[in-house]
Amino acid sequence: MTRAGRLADAMAEPLIGRSEELDMLSDFVDTSAAHGGAMLLSGEPGVGKTALLNAVGRLASTRGTRVLRASGAEFEGALSFAGLNEALFPLLGAIEELDPPHREALRVALGFGSGTPPGRLIVSNAALLLLRRVAAEEPLLLIVDDLHWLDQASASVLGFVARRLAGSRVGFLAASRSGAADHFDHGGLPGYELPPLDAESATALVSRRFPALAPEVRDRMLAEARGNPLALLELPTALSVPQRAAQESLPDVLPLSLRLQALFVSRVLRLPASSQHLLLLAALDGTGDLAVLKSATAGTAGTEGAAEAEGSAEATAVCDHDNDLQALTAAERDHLIHVDEHTGRLRFHHPLIRSAVIEAAPSNERRRAHRTLARVLVDQPERRAWHLAEASVGPDEEVAASLEDAARLMLRRADAVGAVAALTRAADLSPLGSAGGRRLAEAAYIGADAIGELQSASELLKDARRADPDFGGTLHFAAAAASVLINGDGDVDTAHHLLTDAIESGSHGYDARDKPLVDALHTLLLVCWFGGRRELWDSLFTAIDRLEPAVPPLLSLVSRTFPDPVRTARPALDDLDSALDASHDETDPARVVWLGTACVYTDRLSRIREPTWRVVRAGRDGGPVRRYLGALSHLCLDDYLTGQWDEATALAGEGLALCRGHGYDYYAWYFRYCLALLAAARGDFRGSLDLADRITRWAAPRGARGTEVYADHVRVLAALGSGDFDTAYGHAAGISPAGVLAPYVPHALWVTYDLVEAAVHTERCTEAADHVRAMREADIAALSPRLALLSGASAASAADAVGDEGASGYFEEALSVPDGDRWPFDFARVQLAYGEHLRRAKRVEQARAQLASARRSFAWLRAAPWERRATAELRATGLSRAGSPHSGLPELTPQEREIASLAASGLTNKQIGERLFLSHRTVSAHLYRIFPKLGITSRAALRDALAGLP
């Protein structure tokens with residue numbers, strides 16, 4: 001027997017003309033049960049997708065695979081995680097066995113518990129972990145029908161899960177209508193377009209189902225149906241006497257799906273009124289739960305009455321039959337639905353039937369059904385609120401408030417899209433007054449902040465203004481408007497005034513537990529930094545000082561480490577390090593990005609790299625765009641500083657594409673800055689300056705001096721690389737004058753060494769010394785090892801310029817800073833400067849070691865201008881083969897070779913010391929001498945360097 005035959009045996013009725021698909025899906029069932037996998041079916045309405053899914057589900061059950069089912073419903077599209085709830089509800093007991101973070105995230109998302117709003121990524125990971133854990137006991141197959149109607153939150157999670165099933169025993173099989181828009185990310189998943197039946201199979205299907213059909217009628221049906229199985233089974237019924245006129249009146253130009261739906265409408269209208277009412281309740285409920293229908297029908301007569309039937313002639317008939325579900329029998333007998341008493345579920349035989357039921361009901365009946373469902377679903381506030389909204393015909397503050405409460409629940413479950421939809425509908429139902437404008441403003445804020453849809457936010461703000469021209473002073477309105485203004489054609493000062501006026505209005509007080517207030521302060525912090533002017537900051541710090549009972553820890557950290565790190569960051573470092581220690585499991589994208597912001601000028605971005613990557617991965621899977629962009633920008637910066645330049649280039653390109661796709665002009669300059677730095681470092685001076693000019697042209701009209709500083713940094717680096725030290729000095733001094741670390745210009749920290757190097761090369765020795773003095777007085781070396789490296793190198797270069805014999809000691813001290821080699825470009829630049837100093841001092845062998853190491857690092861980074869400079873210096877030492885990676889390098893002693901080998905194997909300095917009976921400090925000193933000898937700058941390069949030695 002063929003696999004298709006065995007599959008047909010597992011079905012209630014064999015499928016005709018689907019042997020190829022049945023064989024393919026049979027293989028899929030076996031493969032996914034062993035190794036995991038996903039497949040997406042698509043096809044026109046009625047082509048047989050649901051029949052195939054049902055067949056596969058039955059087959060999988062016979063082969064020992066546990067089957068989970070879910071389906072999208074048009075009405076449930078606004079209900080967050082409705083589809084995921086349906087899919088995972090049978091696994092409720094297993095959810096309790098997950099580790100606490102994943103268990104709580106999933107319980108909150110699915111509405112089974114309360115707690116901190118989980119991030120989309122942790123919900124997705126929790127769902128994946130749950131399925132994998134259950135599948136360890138028995139294979140699982142998750143089948144999702146009508147994927148195009150699945151709510152966005154569920155679609156995002158299931159899309160994440162479907163792409164990560166390799167190596168599990170979980171299969172994911174879903175079907176959607178061809179060409180229908182949906183929220184599911186199809187990228188990278190195998191798909192199959194289900195075609196219509198061929199002529200032979202279509203004829204066989206009609207002959208089997210309608211053996212007595214006259215040949216001429218059969219031929220007409222075959223021509224009309226064009227191989228669509230549903231049409232082949234339904235159109236012949238249209239030739240019966242009661243329906244012939246209706247069928248013949250249908251225009252032939254109507255799409256087949258509309259013609260079929262019209263047929264279903266006629267069949268629904270032939271049912272008793274009580275059956276139509278129950279079907280309408282089931283169609284609008286969308287869950288198929290018979291318990292809901294029983295509850296809805298039990299109290300209809302007592303609570304609704306004939307008066308509430310709004311004149312319906314069928315009211316009495318409905319009330320007579322609503323006490324039980326017997327009225328469903330007629331619909332089941334007509335093959336419109338299937339009632340499974342075992343599972344307590346009702347299922348429409350096709351989505352077009354559900355649509356037909358709703359279309360057949362008058363609007364007053366639909367509203368009455370929505371009210372009935374709202375009465376029943378008192379323990380499901382989101383569903384209840386939406387049913388009340390659908391039942392409303394005009395403004396209703398009570399219903400609007402219910403929708404607003406539902407939006408709060410959605411936000412707690414990380415469904416920002418659903419919250420925006422609920423708040424927008426709540427605004428529509430708000431009576432005249434500020435409530436509607438306030439709700440639209442909050443929707444705009446969520447759209448701009450959590451979703452990243454600035455265009456939609458802008459439209460919502462306009463609607464809020466139209467709803468109430470005097471409205472606009474709320475925190476949500478100000479925060480959303482500030483984001484829209486900066487990203488559009490607005491300026492920093494206008495955005496700053498909007499925010500400060502809203503914050504200082506006093507209507508909210510200064511309660512630190514007021515989330516809108518804290519969010520507005522975070523936004524104001526960014527606006528102040530964006531503006532880059534000292535006077536902008538006063539209003540922010542005044543508001544922060546007024547917060548009671550205490551400033552939120554994250555706001556406190558960012559406000560101390562980001563605006564003016566030179567003066568305020570050092571006392572905050574212990575708190576920052578503690579927060580970073582606790583950040584490993586952080587799942588809130590906003591908190592991760594803000595914590596990363598606190599790390600930018602304290603050089604700690606690497607410590608939050610893994611949580612930041614989680615935000616990026618969540619963004620790629622449909623998470624919040626704004627947080628996705630923020631995380632990408634932090635990874636780009638960290639990659640630049642730590643020498644991962646190819647990855648930085650790729651991530652900056654990803655960020656720019658994302659900005660273009662979502663209209664985020666504001667963030668685009670940040671990625672252009674990263675690309676410009678890389679271009680300058682690698683010798684593409686024209687390209688880097690073009691990008692810098694583009695940044696300046698965008699920032700200047702908006703009063704964004706903070707952004708212009710970044711463009712000036714690019715110009716500094718390009719000038720240094722091209723040997724134009726006078727131009728480099730001018731741009732560096734423009735960021736912060738020599739001898740001064742300008743307040744509220746945090747980027748001044750990043751050009752400290754650049755200014756000193758340029759000053760030394762242009763004989764501005766006094767200015768170089770003044771800047772070194774300012775760096776020492778501010779003790780910037782205490783902020784990070786990188787700044788300690790650059791501060792020491794600045795002191796060394798300034799001393800060398802005036803012939804100070806202590807210059808060598810300063811260079812040695814700078815290069816021995818712990819972890820200094822984690823910043824390869826900066827480290828190699830210092831080695832280059834030291835090598836130049838040593839060559840001038842006639843210490844040729846030592847100079848060669850430093851210069852060769854620097855040249856090797858520049859070559860690895862492809863920093864061509866600096867590589868050429870190091871090569872020229874090596875030749876100046878008399879080294880004839882400066883281009884050879886190991887030429888001219890001192891040999892390792894036996895003990896150095898042994899230490900280097902152990903370090904290359906992954907041992908720490910302490911472990912090496914224990915093996916060789918040395919102190920870890922001695923081991924560190926040996927490695928410090930070994931690295932220049934091998935021409936490398938980090939432990940990661942030891943293995944390759946040793947392999948190249950004799």
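In this report, we go over the structure that sits alongside the text. Keep in mind the model is a prediction, meaning the values are calculated, not measured.

As for empty space enclosed by the protein
- All chains considered together, the criterion is met by four cavities of 30 Å³ or more.
- Taken as a whole, the largest cavity encloses approximately 220 Å³ of empty space.
- Along the walls of the largest cavity sit 16 residues, with L526, T597, S633, H634 and Y667 positioned nearest its centre.

Some points on the packing of helix 40 (residues 725–735) against helix 41 (residues 752–761)
- Two numbers describe how helix 40 lies on helix 41: the axes approach to 8 Å, and their chain directions differ by 140 degrees. Considering their axes alone, helix 40 and helix 41 lie oblique with respect to each other. Once helix 40 is placed against helix 41, the crossing between them reads as left-handed. Between helix 40 and helix 41, the residues in contact are F725, A728, Y729, A732 and A733 and L755, E757, A758, A759 and H761, respectively.
- Residues of the contact of helix 40 with helix 41, tallied by class, amount to eight nonpolar, one polar and one charged.

Here's the deal with unusual backbone geometry
- Along the chain, E548 connects to P549 via a cis peptide bond; the corresponding omega equals 0 degrees.
- Tracing the backbone shows P549 in the loop between helix 29 (537–546) and helix 30 (553–561).
- Unlike most non-glycine residues, H335 shows phi in positive territory, near 60 degrees.
- The exposure class assigned to H335 is exposed, which follows from its relative accessible area of 57%.

Description of the nonpolar core
- Counting residues in each nonpolar core, the largest one holds 149 residues, and the members touching the most others are W529, W669, Y673 and F825.
- Filtering out sequence-adjacent residues up to four positions away, W529 remains in contact with W537, F562, Y601, Y666, W669, Y670, G706, Y710 and P746.

What about the packing of helix 27 (residues 492–503) against helix 28 (residues 515–531)?
- The interhelical angle for the contact between helix 27 and helix 28, taken along N-to-C directions, is 150 degrees, at an axis separation of 10 Å. On the basis of the axis angle, helix 27 is roughly antiparallel to helix 28. Judged by the sense of rotation from one axis to the other, the crossing of helix 27 with helix 28 is left-handed. Of helix 28, the residues touching helix 27 (which contributes V492, A495, H496, L499, T500 and I503) are L517, A520, L521, T523, L524, V527, C528, F530 and G531.

Thoughts on the packing of aromatic side chains
- With the rule as written, the count across this model stands at 21 aromatic pairs.
- Ring plane angle 50 degrees and centroid distance 5.9 Å describe the contact between F530 and W698, whose orientation is recorded as tilted. In this pair, F530 sits in helix 28 while W698 sits in helix 38 (residues 685–699), placing the two residues 168 residues apart along the sequence.
- Here F530 falls in the buried class, since its relative accessible area comes to 1%.
- Considering the side-chain rings of W537 and Y744, the 5.6 Å spacing of their centres and the 20 degrees angle between planes classify their relative orientation as stacked. Residue W537 is located in helix 29, and its partner Y744 is located in the loop between helix 40 and helix 41; the two are separated by 207 residues in the primary sequence.

Considering helix 42 (residues 765–778)
- Over its 14 residues, helix 42 runs 20 Å from end to end, which matches the ideal 20 Å to within 8%, given 1.5 Å per residue.
- Among the residues of helix 42, those classed as buried are A768, H771, V772, A774, M775 and A778. Buried positions in helix 42, seen along its axis, are confined to an arc of 160 degrees and lie on one side of it. Turned more than 90 degrees from where helix 42 packs its buried face, T766 and E777 sit exposed.
- Contacts made by the buried residues of helix 42 are with helix 31 (565–568), helix 41 and helix 43 (785–801).
- Downstream of helix 42 by a residue or two, D779 has a phi angle that is positive, lying close to 50 degrees.

Considerations on the pattern of salt bridges
- Under the definition given, this model contains 45 salt bridges.
- A cluster of three or more residues bridged by salt bridges with shared partners is formed by D754, E757, R829, E836 and R869.

Let's talk about the pairing of strand 7 (residues 345–348)
- Side chains L346 and F348 of strand 7 all project onto a buried face; the interleaved residues R345 and R347 project onto a face where none is buried.
- Sheet topology places strand 6 (residues 337–340) next to strand 7; four bridges connect them, and they run antiparallel. For I337, the partnering residue across the bridge sits in strand 7 and is F348.
- Between the antiparallel neighbours strand 6 and strand 7 lie four residues, among them G344 with a positive phi of about 70 degrees.

Thresholds applied
Residues numbered from 1 in each chain as written. Predicted model: local features only at pLDDT ≥ 70, side-chain atom pairs only at ≥ 80, totals over all residues. Heavy atoms only, no water. 1 Å grid on protein atoms, 1.4 Å probe; cavity = no way out; pocket = protein on both sides within 12 Å on 5 of 7 lines; lining within 4 Å. Points joined across faces, edges and corners; volume = space filled by probe spheres on them. Axes fitted to C-alpha atoms, helices over the stretch in contact; angles between N-to-C directions. Helix = DSSP H or I, 4+ residues; strand = E, 2+ residues; numbered from the N terminus. Parallel < 35°, antiparallel > 145°, perpendicular 65-115°, else oblique. Left-handed = near helix turned anticlockwise from the far one by under 90°. Contact = heavy atoms within 4.5 Å. Nonpolar A, V, L, I, M, F, W, Y, C, P; charged D, E, K, R; others polar. Buried < 20%, exposed > 50% of the residue type's maximum accessible area, 1.4 Å probe, protein only. Core = buried A, V, L, I, M, F, W, Y, C linked by side-chain atoms within 4.5 Å. Phe/Tyr/Trp six-rings, centres within 6.5 Å; stacked < 30°, edge-to-face > 60°. Expected span 1.5 Å × (residues − 1). Arc of directions from axis to C-beta. Salt bridge = Lys/Arg side-chain N within 4 Å of Asp/Glu carboxyl O. Pairing = 2+ DSSP bridges.

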